[in-house]
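These are the residues of each chain, in order.
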Amino acid sequence: MARIIAGVGSSHVPAIGAALDNGKTEEPYWKRVFSGFEKSQEWMRETKPDVAIVVYNDHASAFSVEMIPTFALGCAAEFPPADEGWGPRPVPVAKGHPALAAHIAQSCILDEFDLTICNKMEIDHGMTVPMNLLFGKVEKDGHWPCPVIPLAVNVVMYPPPTGHRCYMLGRAIKKAVESFPDDLRVVIFGTGGLSHQISGPRAGLINSKWDKNFLDNLTKDPQKLVKIPHLDYMREAGAEGVEMVMWLIMRGALDDKVDEIYRFYTVPASNTAVGHIILENRAKGLAKRKPAAGHKRAAARAKVDKIRG
């Protein structure tokens, strides 16, 4: 059967994509950010997932105020990068996994989660930036390392889904994946955040204490996070901080007990706190890939590597 082996949380700051695309990754400001994902890319190369489910929010690329799905699942065979006003990012078209996506849609809808099924959808920086951070730079004429299934969540227009609803959708996705008959190893991304506000009197707000507490509880006690109301996100993490509910979909799709493999946090990137975490389901029933030459996977798992900026 298919199984979710790990979850990844990552910010999706658009300026990170611009820095990558314009060759600025070695500049001191950006090197600090990109260096925090080097270990993550090594982990991803060793993990070699068969499919990635990427939870993100659309930024008026595939959707607009004319049509606002709360949860939209990409079931297409491919997802081209969107033109966000300055041309599409120079990244490859993402290949989908229509069979698994359709299975997830059927399972979740029958579990009473009303997903919008998208058989055609462009993806923007909300998805492509975290993919670059975890998979590395991929040339436009190349290929992403594995198929992806986009799950777009409305955290732009009121009302967004609650943290509890997002967490429970993650549980439904876990159930769906585990009932898929093919032997697939799946990694799920939760993207967006952490604390930031891009406009208004509090533009530039960053609350590192809130962010780090969120990351702590994401690993140890996610039930504390699912109870956080929208108003608290707005007050403590800024108007765009509500994106953090998407990380709860990722966490809900994992086992109750997980191992924190890696964490990175730095501020700022543009005007945003950059957060990142890798959580693995524990070894029971987890068939691992053969480690890449020169890497001792067991040792890597035994030591959680935390970097805090």
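Our subject is the structure that appears above.
Computed from a predicted structure; not experimentally measured. (Residues numbered from 1 in each chain as written. Predicted model: local features only at pLDDT ≥ 70, side-chain atom pairs only at ≥ 80, totals over all residues. Heavy atoms only, no water.)

1. Thoughts on the overall build of the protein
Then comes step 1: A tally of regular secondary structure across the protein gives 11 helices and 11 strands.
Then comes step 2: Here the C-alpha atoms of the protein give a radius of gyration of 18 Å, agreeing with the 19 Å that 2.2 N^0.38 yields for 309 residues.
Then comes step 3: Across its three principal directions, the C-alpha atoms of the protein cover 50 × 45 × 45 Å.
Then comes step 4: The buried share of the protein, taken over its 309 residues, is 55%.
Then comes step 5: The long-range fraction of contacts in the protein, counting pairs at least 24 apart against all pairs at least 6 apart in sequence, stands at 81%.
Then comes step 6: Working note: accessible area of the protein is about 13,400 Å², and carbon and sulfur atoms make up 55% of it.
Then comes step 7: Taken as two groups, the 38 positive and 35 negative side-chain charges of the protein have centres that lie 8 Å from each other. (Helix = DSSP H or I, 4+ residues; strand = E, 2+ residues; numbered from the N terminus. Rg over C-alpha atoms; globule rule 2.2 N^0.38 Å. Buried < 20%, exposed > 50% of the residue type's maximum accessible area, 1.4 Å probe, protein only. Contact = heavy atoms within 4.5 Å. Areas by Shrake-Rupley, 256 points an atom, 1.4 Å probe, with all protein chains shown as cover. Lys, Arg positive; Asp, Glu negative; His and termini not counted. Charge placed at Lys NZ, Arg CZ, Asp CG, Glu CD.)

2. Things to note about the nonpolar core
Side chains of nonpolar character tend, in soluble globular proteins, to be buried together.
Then comes step 1: I104 and I173 are the most contacted members of the largest nonpolar core, which totals 55 residues.
Then comes step 2: It is helix α6 (residues 163-178) that contributes the most residues to this core, 7 residues altogether.
Then comes step 3: The contact partners of I173, leaving out residues within four places of it in the chain, are I4, I53, I104, C108, L151 and I249.
Then comes step 4: By size, the runner-up hydrophobic cluster in this structure holds 44 residues, among which are F37, M131, A152 and I261. (Core = buried A, V, L, I, M, F, W, Y, C linked by side-chain atoms within 4.5 Å.)

3. Observations regarding helix α4 (residues 98-110)
Then comes step 1: Helix length check: α4, at 13 residues, gives a terminal C-alpha distance of 18 Å against a target of 18 Å (1.5 Å per residue), a fit within 8%.
Then comes step 2: Turning to α4, its buried residues are L100, A101, I104, A105, S107 and C108.
Then comes step 3: Looking at the packing, one finds that the buried side of α4 touches β2 (51-56), β3 (71-74), β6 (116-118), β7 (148-153), α6 and β8 (185-191).
Then comes step 4: Residue E112 follows α4 closely and has a positive phi angle near 75 degrees. (Expected span 1.5 Å × (residues − 1).)

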